[in-house]
Amino acid sequence: MEIPYIFTPRKDTGMVNSKIAIWLFLASEVMLFGGFFSSYVYLRLGADYPWPERALPVLPGLINTFVLIFSSVTVVFAWAGLKLRKWRMFQVSMGITIACAAVFMVLKAIEYNVKWHHQAVRLKDYTILEGHLDYDKKANTGEVTKDGKPVFAEADQIHVATESLTFNTLRFHKPWVEELLRQAGSNGAKVELAEELSIQGEKIPAGTPLSVDLLTKIQKNHIQSRTNNSDVRTEALRAEWIATYAKPENADKKGWELAPGVNIDVAKIKDQLMLETPSVTFAVKPTTNFWFYHRDVKEGATQSRLRDDTVLNGKLLDSPVAFHNLDAIDFRHVVMKAEEKGIDPVVAIENTWLIKNSKEAREAWEWNKAQTAKLEQQLLEKHGKDENGVAKRVPTATERYRIGWKDFIAKADGVDRGKEEIHVSEEFMGPNYKLREPKHTFPHLKVPRDLVFLSGKFTPAWNTYYAIYFTMTFLHGLHVVGGAVVLGYYLFCGKKMYQSNPEWLANRVEVGGLFWHFVDLVWIFLFPILYLM
Amino acid sequence: MSAHAATADHSHHDDHGHHHEPGFLQKYVFSTDHKTIGIQYGITAMLFLLFGFYLMMVMRWSIAYPHEPLPGWMSWVFTDTWKARWLSDGKVTGDTYNMFGAMHGTIMVFLGVVPLGFGAFGNYVTPLQIGAVDMAFPKLNMLSYWIYLVGGLVMCASFFMESGAAKSGWTNYSPLAGFADGQIVNQWLAGQTQWLLGLVLLITSSLLGSVNFITTIINLRARGMTWMRLPFFVWAMLVTGFLLLLAFPPLEAAGIMQLADRVFHSSFFMPSGLFTKSEGLVELSGGGSPLLFQHLFWFLGHPEVYVLLLPAIACVAEIIPANTRRPLWGYKSMVYGVIVLGFLSFIVWAHHMYLTGMGPKISTWFQITTVLISVPSVILLTALMISLWGGSIRFTPAMTWACAFIPMFGIGGLTGLPLAFNLVDLHLHDTYYVIGHFHYVVAPGILFGLFAGVHHWYPKITGRYMSKTLNHMHFWPTLICMNFLFFPMLVQGMAGFHRRWYNGGDAYLAKAADSTNVFGQTVAQHIDLNITMSWAAWIMAAFQIPFIVNVFLSLFAGKKVGSDNPWNATTLEWATPTPPGHGNFTFDVATYRGPYEYSQPGAEKDYLPQWEKPATTAPADAPTQAPAAH
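Quick caveat: nothing in here was measured; it's all calculated off a predicted structure. (Residues numbered from 1 in each chain as written. Chains lettered and ligands numbered in written order. Predicted model: local features only at pLDDT ≥ 70, side-chain atom pairs only at ≥ 80, totals over all residues.)

Any details on the interface of chain B and chain A? Residues and values, ideally.
Of the residues lining the interface, 53 residues belong to chain B; the matching set on chain A comes to 56 residues. Elements with a contribution of two residues or more to the side of chain B that touches chain A: helix 5 (80-86), helix 9 (191-219), helix 10 (232-263) and helix 11 (290-324) of chain B. Here the side of chain B that touches chain A takes 10 residues from helix 10 of chain B, the largest share from any one element. Grouping the amino acids of the side of chain B that touches chain A by side-chain chemistry returns 28 nonpolar, 16 polar and nine charged. (Contact = placed C-beta atoms within 7 Å. Helix = DSSP H or I, 4+ residues; strand = E, 2+ residues; numbered from the N terminus. Nonpolar A, V, L, I, M, F, W, Y, C, P; charged D, E, K, R; others polar.)

How would you summarise the domain arrangement of chain A if you had to cite specific residues and measurements?
All names here are of chain A. Domain annotation for chain A reports domain 1 (17-112 + 461-532), domain 2 (157-319) and domain 3 (323-447). On a C-alpha basis, the centroid separation for the pair domain 1 and domain 3 is 37 Å. Taken together, the seven residues of domain 1 in the interface contact eight residues of domain 3. Classifying every residue of the side of domain 1 that touches domain 3 by side-chain character gives six nonpolar, no polar and one charged. (Domains from an automatic or database assignment.)

Quick rundown of helix 6 (residues 94-129) of chain B? Include the residues and the values.
All names here are of chain B. Of all the bends in helix 6, the largest measures some 50° and sits at P115. Among the 36 residues that make up helix 6, 32 are buried, leaving the element largely enclosed by the rest of the structure. Immediately beyond the C-terminal end of helix 6, within one or two residues, lies G131, with a positive phi of roughly 75°. (Bend = angle between axes of the 7 residues up to and from the residue. Buried ≥ 20, exposed ≤ 12 C-beta atoms within 10 Å, placed from the backbone.)

A description of the pairing of strand 7 (residues 279-293) of chain A should follow, citing residues and the corresponding values.
All names here are of chain A. Inspection of the sheet shows strand 3 (residues 157-168) paired to strand 7 by 11 bridges, in the antiparallel sense. Residue V160 lies in a different strand from strand 7, and its bridge partner there is F290. Bridge analysis of strand 4 (residues 190-193) against strand 7 gives four bridges, and the strand direction is antiparallel. Within strand 7, the residue paired with V191 across the bridge is V284. (Pairing = 2+ DSSP bridges.)

Summarise the nonpolar core; cite the residues concerned and give the values.
Formed by 260 residues in total, the largest nonpolar core has its most connected members in A236, A314, V316, A317, A402, F405 and A452 of chain B. If sequence neighbours within four positions are ignored, F405 of chain B has contacts with V316, G445, F448, G449 and A452 of chain B. Membership of the second largest hydrophobic core comes to 21 residues, among which are L165, V191, L197 and V284 of chain A. (Core = buried A, V, L, I, M, F, W, Y, C linked by C-beta atoms within 7 Å.)

Could you give an account of the packing of helix 1 (residues 17-46) of chain A against helix 9 of chain B, naming the residues involved and the relevant values?
Interhelical geometry of helix 1 of chain A versus helix 9 of chain B gives an angle of 135° and a closest axis separation of 9 Å. Taken together, helix 1 of chain A and helix 9 of chain B sit at an angle that is classed as oblique. When you trace helix 1 of chain A past helix 9 of chain B, the crossing you get is right-handed. Each of N17, I20, A21, L24, F25 and S28 of chain A in helix 1 of chain A lies in contact with helix 9 of chain B, whose residues at this interface are L207, V211, I214, T215, I218 and N219 of chain B. Residue composition of the contact of helix 1 of chain A with helix 9 of chain B, grouped by class: eight nonpolar, four polar and no charged. (Axes fitted to C-alpha atoms, helices over the stretch in contact; angles between N-to-C directions. Parallel < 35°, antiparallel > 145°, perpendicular 65-115°, else oblique. Left-handed = near helix turned anticlockwise from the far one by under 90°.)

Next comes the structure, spelled out in structure tokens:
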């Protein structure tokens with residue numbers, strides 16, 4: 001049995017099977033990316049925060065655009081090579097295509113990596129701070145690594161001076177229990193069972209040290225007791241219902257009429273019930289500082305709760321977000337909120353916690369104001385006013401209200417905005433802190449935890465722009481990798497196919513090339529909407 | 001090197017015209033033959049349907065008897081630990097009800113009906129009807145089945161996880177679905193996340209399937225099989241393929257974004273200032289839109305309705321002509337109707353979202369398109385109905401189901417009309433009326449069509465007929481129970497019963513005593529219907545047993561077919577040996593006429609199969625035979 005039209009096109013449709021299939025597949029892909037592009041439009045139009053414009057480094061994106069366009073040309077040469085039966089031409093062109101894919105992915109990886117290591121914080125007054133975090137030495141709990149070096153908590157953690165821990169026996173997360181034990185161990189603290197516990201006749205004395213095994217044992221007991229009790233109670237309730245329905249006066253009544261009168265008689269089944277242990281408390285001696293990543297903790301003044309329902313009983317310690325290098329300050333969100341309320345933006349900015357409490361931030365803001373005024377003057381001189389006496393061009397909101405890392409460099413170098421010298425690596429990787437250190441370009445800053453609304457790296461969690469940026473470019477990246485793998489297969493394993501039937505390989509490469517063009521086309525749309533607009 | 005040797009060996013066999021005998025695994029499990037894959041799809045889908053049905057029975061207990069422990073005959077499936085975790089004193093809890101409700105919908109739609117209609121019937125019948133040796137991409141076809149199976153298992157595995165399975169309804173609306181199971185530390189292991197992973201796999205599977213189907217239909221038609229000679233079944237599959245191809249990707253986009261919301265804490269569908277009872281002000285960036293999810297979901301969701309429907313209507317359209325011995329009435333209008341239907345189904349989605357306050361202009365547009373789409377639907381149904389007119393009907397088992405399909409689907413369709421209108425929908429939205437409406441479409445409508453299909457093609461697949469007696473034991477009780485199950489829903493819905501009450505409205509009864517609370521009294525008047533409906537559901541479950549017995553028993557004890565064409569039908573699948581071997585046809589297939597030439601004037605027999613060469617086209621035979629035939 002042989003499937004027809006694999007090598008030679010069917011006469012009335014003029015196509016081989018794989019060509020129909022790839023066009024259908026591409027139609028489906030158009031709908032997939034169409035869904036994402038529509039979502040982009042929807043999210044951007046509906047955004048209730050200043051949409052980041054030109055927030056990404058343009059240079060690597062631009063290079064990637066040309067790399068992909070170039071590879072689309074070489075993939076056609078590869079196909080032509082096969083059609084001309086020039087194996088060498090195919091090999092070289094296809095090799096270049098795949099090399100281009102590699103260059104594209106490397107640049108992409110650098111871009112992602114920079115984002116994932118760059119901190120962003122949104123304060124409750126909508127000020128946005130960007131930069132690199134400190135490893136806060138004061139918050140360090142005195143732990144040491146195996147080599148005797150001190151372990152520092154990254155300065156975006158919640159610290160709790162814990163007196164006791166209460167675990168939810170069903171939901172405790174093993175790695176976190178281990179982490180608690182590790183932190184306790186390196187502080188020389190003991191975590192011991194607070195009260196004697198009796199499980200199925202066996203007594204576990206108070207003072208038994210915490211271990212995952214112990215918790216698992218208690219968990220097992222709890223599940224057994226719960227299962228037993230559930231059975232007993234179900235049977236009791238069922239018996240109650242049977243008895244209720246059996247009464248002659250209830251003959252015409254419906255279940256919902258009788259329900260209020262049907263209850264389990266707990267006294268009757270008391271002996272059959274087993275003790276459940278839904279939670280268990282361990283004392284921490286002496287009181288010890290535990291720290292967890294802030295997203296995993298719901299902090300409270302005297303009681304903080306981990307996401308697995310483990311309660312840390314004790315005082316919440318000072319857990320600031322400490323910037324070692326604050327490389328951008330963004331007031332656009334402050335301004336947006338102020339304008340909604342009809343407040344003068346400059347007044348709103350100057351009333352923020354940041355401007356009131358940080359000398360360096362205030363200086364940067366004053367510098368930025370002066371630069372904006374200068375720019376306004378220049379624009380007025382260059383473009384003039386319209387017939388209503390309004391300046392034809394004015395500085396943008398970004399120029400007015402955002403102090404970016406390049407601005408900090410310009411300020412430290414004592415030059416006007418836009419005149420700063422940027423090292424070429426900085427165009428790809430963002431500011432080079434070591435290079436800028438001598439001039440103290442970027443301020444240090446400690447933000448109290450209770451002022452922070454949201455803090456994290458530049459990940460999809462930061463805002464919907466980064467969410468759609470990562471999702472779309474990641475998906476596109478997957479397509480690049482997938483396409484390169486398929487084309488690479490033809491390059492490295494296609495020789496046999498070529499020898500047996502060159503037209504076969506040519507068909508395959510044509511289909512792969514169509515896909516490759518599509519991947520290129522998607523990027524042509526992605527680049528402007530994510531990098532330029 | 002051994003692989004090379006095996007290949008060489010294989011080709012050596014082929015060269016000499018021997019058939020390489022595949023092993024058991026290759027023949028029945030990892031088969032690339034479209035017929036085996038179709039059967040695999042069919043069995044898997046029916047098992048999922050059974051499971052979905054079971055979930056519904058538990059839910060119906062909670063609705064009818066919310067205060068009473070689940071009876072032993074229903075709860076024996078669960079382990080004791082599971083019962084302790086998910087039942088409260090043996091009663092179904094709200095969480096458990098939500099979980100079963102969400103999974104009932106998901107399983108029935110994505111894992112049951114679509115794979116049965118499109119995956120099973122489509123796979124088995126389509127290549128046969130167009131005279132192809134197999135699908136265009138047999139390996140892709142196999143991959144499609146396995147991805148579907150894995151996706152389904154991933155979804156269902158979550159029943160046994162700490163979080164339980166998804167609980168946010170089959171529509172999975174954010175922000176609820178973005179938060180659900182938030183207490184699970186490793187979000188990849190939460191039921192709600194597994195649902196999304198399963199969904200992405202299912203979409204991948206249906207993408208591969210639809211590409212394969214469309215390519216096959218376009219490129220692998222036999223000689224003479226022109227577009228207007230395609231059986232209606234194939235047309236319906238072609239349109240279904242396009243719906244799957246183009247409507248699913250936006251849901252995949254939504255699924256990926258919701259996955260990001262859950263796992264990477266993005267805010268695609270999370271608005272600013274979200275406040276929950278358990279978490280307070282939620283620590284998320286916000287700025288997203290829950291409405292965006294609804295748009296993306298229903299952009300798939302509506303075409304999906306036709307993905308469910310078209311295979312069923314396709315089966316019925318094959319069965320009716322074969323059993324009335326008349327051509328399908330209005331074949332061409334049905335073909336054009338189904339194409340228009342497919343097209344229109346892409347621009348009606350927001351009629352599921354009238355309650356979101358989209359404004360009069362947009363809702364008017366969607367009202368118009370929604371009412372428009374009833375035109376091709378009615379064309380299809382009317383054509384089927386008129387096809388019965390004046391036919392000499394044979395009430396074969398398949399025909400009984402096909403005949404019941406028409407009025408039952410008709411009720412489903414007509415009860416949908418009021419929902420098309422914004423003003424009426426505002427009242428009926430999210431009530432049991434909606435549930436009644438779409439269950440009339442899906443259960444006694446689509447499932448009846450698919451049951452018909454099982455009976456119709458069973459003799460081709462196995463070489464034996466299914467039992468008529470067992471079919472009567474299955475058919476009549478099912479037909480009656482269906483109506484007792486779904487008609488009261490329409491009544492309750494108009495009285496305002498909400499679709500997600502886990503206790504069937506019981507919570508409102510206390511308020512009925514308060515004479516000023518009119519709604520409580522309305523609930524009291526209609527709450528007893530819950531019991532009627534629940535018993536109808538359970539009795540119906542019992543009467544599915546004859547069907548299951550019939551399917552398995554007939555394999556061994558069914559009456560053997562007398563020929564390869566037991567129904568004296570005209571389409572190409574009946575030209576194959578019974579059951580068809582690998583490669584399907586034993587002769588060089590060619591098509592000479594349209595698909596439904598029954599009772600043609602002047603013909604010797606009452607059917608002219610598509611593959612039979614007409615005498616007139618062979619001039620050599622003309623003097624002896626042609627004058628008699630025409």
